[in-house]
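# Structural description and commentary
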Amino acid sequence: MADGLDLLKPDDAPPRELLPLRMLNEYAYCPRLFHLMHVEGRWEDNQYTVEGRHAHRRVDELDHLLPEAVDEAQAKESKKTRDAPEEAAGDEPPAVARSVPLSSDVLGLSAKLDLVSTEGDQAIPVETKRGRVPDNAERSWEPERVQLMAQGLLLREHGYQCDHGMLYFAESRTRVRIEFDEVLEYRALDLLRSAHRAMSLTVLPPPLENSPKCTGCSLAGVCLP
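Since this is a predicted model, take the numbers as computed values, not measurements.

## So, the side chain of Asp 121
Along the chain, Asp 121 falls in the loop between strand E3 (109–119) and strand E4 (122–129). Residue class for Asp 121 comes out buried when judged on its relative accessible area of 16%. One polar contact links Asp 121 to Gln 122, side chain to side chain, over a distance of 3.2 Å.

Given below as structure tokens:
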């Protein structure tokens, strides 16, 4: 499989300024909302934005650093050296880091990851979402999957193997596994490139047509004609 970063070709390379991950989520949700917030500087809180911040409050209290990525062979050799002869064989427990800041100049992206579970060179990002698991085939919405995939790309940039992530829905207290396949990776990189370009646009994108997204949008009163 081709490297997904091939999408970021020289002519399309993101600017040196890093795009915060939440802005990628907002662009995936609605380019018009993205423009109103980040180009025109408009913002309104509503019940959903307040609940979303509350769901993240615990993980945002303190930044944690990821352990260095170690491949499986190195991990086994380290364990042999560390373990006393009389100790029973077994696997090391995974390490868990919360509120992990990561960035990448290659991707043009910065983020604070809610939670990352690591074991050797394997990493699994876990993103907290307010509300319940969506009642659809994917058990998630595209902006959530794109946001999680972008976290996986950041972890890969920092030396980890990362083939899936988890969405945790606070209200239903349920985890949903998201596979980082080629289709999702391509979509995340394409949206990331488009979001960088959108920062310099002066024309307001058209509104969504008959979309349920508008019902819960805090800027619906400003946006809709």
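## Some words on the pattern of salt bridges
Scanning the model with the defined rule gives 5 salt bridges in all. Across the pair Lys 129 and Glu 127 runs a salt bridge whose closest N-O atoms are separated by 3.6 Å. Arg 156 is the salt-bridge partner of Glu 185, the closest N and O atoms lying 3.4 Å from each other. Of this pair, Glu 185 sits in helix H6 (residues 182–198) while Arg 156 sits in helix H5 (residues 142–157), and the two are 29 residues apart along the sequence. Assessed through its relative accessible area of 29%, Arg 156 is described here as partly exposed.

## Here we look at the environment of Ala 195
Examined against the element boundaries, Ala 195 turns out to sit in helix H6. Accessibility expressed as a relative area gives 0% for Ala 195, which makes it buried. Separated by 171 residues in sequence, Ala 195 and Leu 24 have C-alpha atoms that sit 6.5 Å apart. Excluding residues within four positions of it along the chain, Ala 195 makes contact with Leu 19, Tyr 27 and Phe 34.

## Quick notes on H6
Within an α-helix, residues lying three or four positions from one another point in the same direction, as the helix has 3.6 residues per turn. Given a rise of 1.5 Å per residue, 17 residues ought to cover 24 Å, and the 24 Å separating the end C-alpha atoms of H6 matches this to within 8%. Buried within H6 are the following residues: Leu 184, Glu 185, Ala 188, Leu 189, Leu 191, Leu 192, Arg 193, Ala 195, His 196 and Ala 198. Of the surrounding secondary structure, the elements contacted by the buried residues of H6 are strand E1 (19–20), helix H1 (21–29), helix H2 (31–38), E3, H5 and strand E6 (174–179).

## Details of the pairing of strand E2 (residues 95–104)
Where E2 meets E3, 9 bridges bridge the pair, whose relative direction is antiparallel. Residue pairing for E3: Ser 104 is matched across the bridge by Leu 109.

## Notes on the packing of H1 against H6
For the pair H1 and H6, interaxial distance at closest approach is 9 Å and the crossing angle is 95°. Considering the angle they form, H1 stands roughly perpendicular to H6. Taken together, the residues of H6 that come into contact with H1 (itself represented by Leu 24, Tyr 27 and Ala 28) are Ala 188, Leu 191, Leu 192, Ser 194, Ala 195 and Ala 198. Of the residues in the contact of H1 with H6, the class split is 8 nonpolar, 1 polar and no charged.

About the criteria used
Residues numbered from 1 in each chain as written. Predicted model: local features only at pLDDT ≥ 70, side-chain atom pairs only at ≥ 80, totals over all residues. Heavy atoms only, no water. Helix = DSSP H or I, 4+ residues; strand = E, 2+ residues; numbered from the N terminus. Buried < 20%, exposed > 50% of the residue type's maximum accessible area, 1.4 Å probe, protein only. Polar contact = N/O pair within 3.5 Å; in protein donor to acceptor, adjacent residues only side chain to side chain. Salt bridge = Lys/Arg side-chain N within 4 Å of Asp/Glu carboxyl O. Contact = heavy atoms within 4.5 Å. Expected span 1.5 Å × (residues − 1). Pairing = 2+ DSSP bridges. Axes fitted to C-alpha atoms, helices over the stretch in contact; angles between N-to-C directions. Parallel < 35°, antiparallel > 145°, perpendicular 65-115°, else oblique. Nonpolar A, V, L, I, M, F, W, Y, C, P; charged D, E, K, R; others polar.

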